[in-house]
Amino acid sequence: MEQRRAWTVAVFSFIFADAIAVQVRGPILASLGEEFGASTATLGLVAPAGTAGFLVAIVVTGVLAGRLPMRPSLLVGATCTVGALVAMSVAPTYAVFLVALLGQGTAAGAFRGLDRVVLSHLHAERRARMYTVYTLVWAVGAVLTPQLVSVVLAVADWRMLFLVVACAFLPATLLAARYDLPSIDAERSVSRAELASLLRRPAVLGSCLGMVLTGALEGVLFTWLVYYAETFYPTATANALLSVYLLAYIPARLGCATAIERVPHLLLLLAALVPAIPALAVAFSGVTGPALFAAVFVAGAAISTGFPVLSAYAVESAPEYSGPLNAVTNGSTYLGLATAPAVVGVLAGRYGIGTAIQWTAVAIAVAFVLAVGTLWRWTDTPGVPRPT
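Residues numbered from 1 in each chain as written. Predicted model: local features only at pLDDT ≥ 70, side-chain atom pairs only at ≥ 80, totals over all residues. Heavy atoms only, no water.

Enquirer: Which parts of the structure should I look at to understand the packing of aromatic side chains?
Expert: Pairs of aromatic rings are described using the distance from one ring centre to the other and the angle between the two planes. Taken as a whole, this structure holds 19 aromatic pairs when the rule is applied. Ring geometry for Phe14 versus Phe169: centroids 5.0 Å apart, planes at 65°, classification edge-to-face. On the criterion of sequence distance, the pair formed by Phe14 in helix 1 (residues 3-23) and Phe169 in the loop between helix 8 (158-168) and helix 9 (170-178) is long-range, its members being 155 residues apart. Its relative accessible area of 0% is what places Phe14 among the buried residues. Note on Phe36 and Tyr94: the rings are 5.8 Å apart at their centroids and 40° apart in plane angle, and the pair reads as tilted. Taken as a pair, Phe36 in helix 2 (residues 29-36) and Tyr94 in helix 6 (residues 94-122) lie far apart in primary sequence, 58 residues in all. Taken as a pair, Phe36 and Tyr94 share a single burial class, namely buried. Through successive ring pairs, a cluster of aromatic residues spans Phe36, Tyr94, Phe97, Trp158 and Phe162. When the ring centre of Tyr179 is taken as origin, the NZ or CZ atom of Arg178, which lies over that ring, is 4.9 Å away. (Phe/Tyr/Trp six-rings, centres within 6.5 Å; stacked < 30°, edge-to-face > 60°. Helix = DSSP H or I, 4+ residues; strand = E, 2+ residues; numbered from the N terminus. Buried < 20%, exposed > 50% of the residue type's maximum accessible area, 1.4 Å probe, protein only. Lys NZ or Arg CZ within 6 Å of the ring centre and 35° of its normal.)

Enquirer: In this structure, what is going on with a nonpolar patch on the surface? I would like to understand it.
Expert: Judged by side-chain polarity, Val86, Met160, Leu163 and Val164 come together as a nonpolar surface patch covering roughly 270 Å² of accessible area. By residue number, the principal contributor to the nonpolar patch is helix 8, which donates three residues. You can see Val86 is positioned in helix 5 (residues 70-89). (Patch = residues over 30% accessible without salt bridge, like charges linked within 9 Å, V, L, I, M, F, W, Y side chains within 5 Å. Areas by Shrake-Rupley, 256 points an atom, 1.4 Å probe, with all protein chains shown as cover. Salt bridge = Lys/Arg side-chain N within 4 Å of Asp/Glu carboxyl O.)

Enquirer: Would you explain the environment of Leu32 in this entry?
Expert: Mapped onto the elements of the fold, Leu32 is located in helix 2. Taking the C-alpha atoms as reference points, Leu32 and Pro341, separated by 309 residues in sequence, lie 16 Å from one another. In this structure Leu32 touches Gly37, Leu43, Val46, Phe97 and Trp158, once residues within four positions along its chain are discounted. (Contact = heavy atoms within 4.5 Å.)

Honestly, it's all geometry; don't read function into it.
Given below as structure tokens:
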């Protein structure tokens, strides 16, 4: 296997496994609560623990992408991710589990801070499309996870589940150990002054705000959808509801991969996002049956466009700084992913999970649509503004 293909496979296999690692957290919240005697509010700490280290690592490695030894950094990130997952599987207390989860997120963040930089330069002629395919691979891994959880929990407990997830990271780890990384000379190191200048650009500021909001929406649904559904469905059906939500990512991102080269980014994003508002309002209104599954599917299709469109939008505005731009946009996504589920956990303790998730998700979706419209007006173009 030649180097470019090997590293493309390594990046895609890692993001596939990372999707599984993120998605297993929500379906096992009830199991963790039973195992460790954790309250609803305390279970809300799973998302921040899994994301805090990730956020720091992805920003640091992304900003320093032009200076870091890239292959060793990727290999260490992949190897430590496997080790942290094994530690999670044998955690004796909830506190130890959260610490191991923090380590797993940090290690994955070190890899994820650099993986799209690798794709950006290995496939410079098809950057936007590769970014969208990257998110599509993530979606496939995410879709399979709830059913994987159901299968593993049918024959073993949640601890075995994390050993299975650790195995999913082995292909990326072995490829990173086996193949040298092709030279990536186009990536520029960024000084503090250049980084500050980048962060003042409307395209970057607006993308970061949008990424916080898309991360918040995804975090709420990834973490709490199964828990919410378990209030009126058995666990297997609740997991199936999450699968339906994630299944919507696949056709939506396939369509996005085609449309992103033909339709201006912000126009595409607005058209996709607007249906999320009524869909979320219906999904968490207490409705059950086919209406719930349909509303969740529509919400998933709409929300899934946020990450690929905004990440491509930001990087296309300054592709020579793909590392720092990937860092700040990814970091913004995981800031939302870490904070919003914790807010829902606190609100759920007071008002109940249904009310908490509905209020939070609908409010974030409205804010997201308004943010994209404001960014369009600010840049005066629905496409990618080019630096002058």
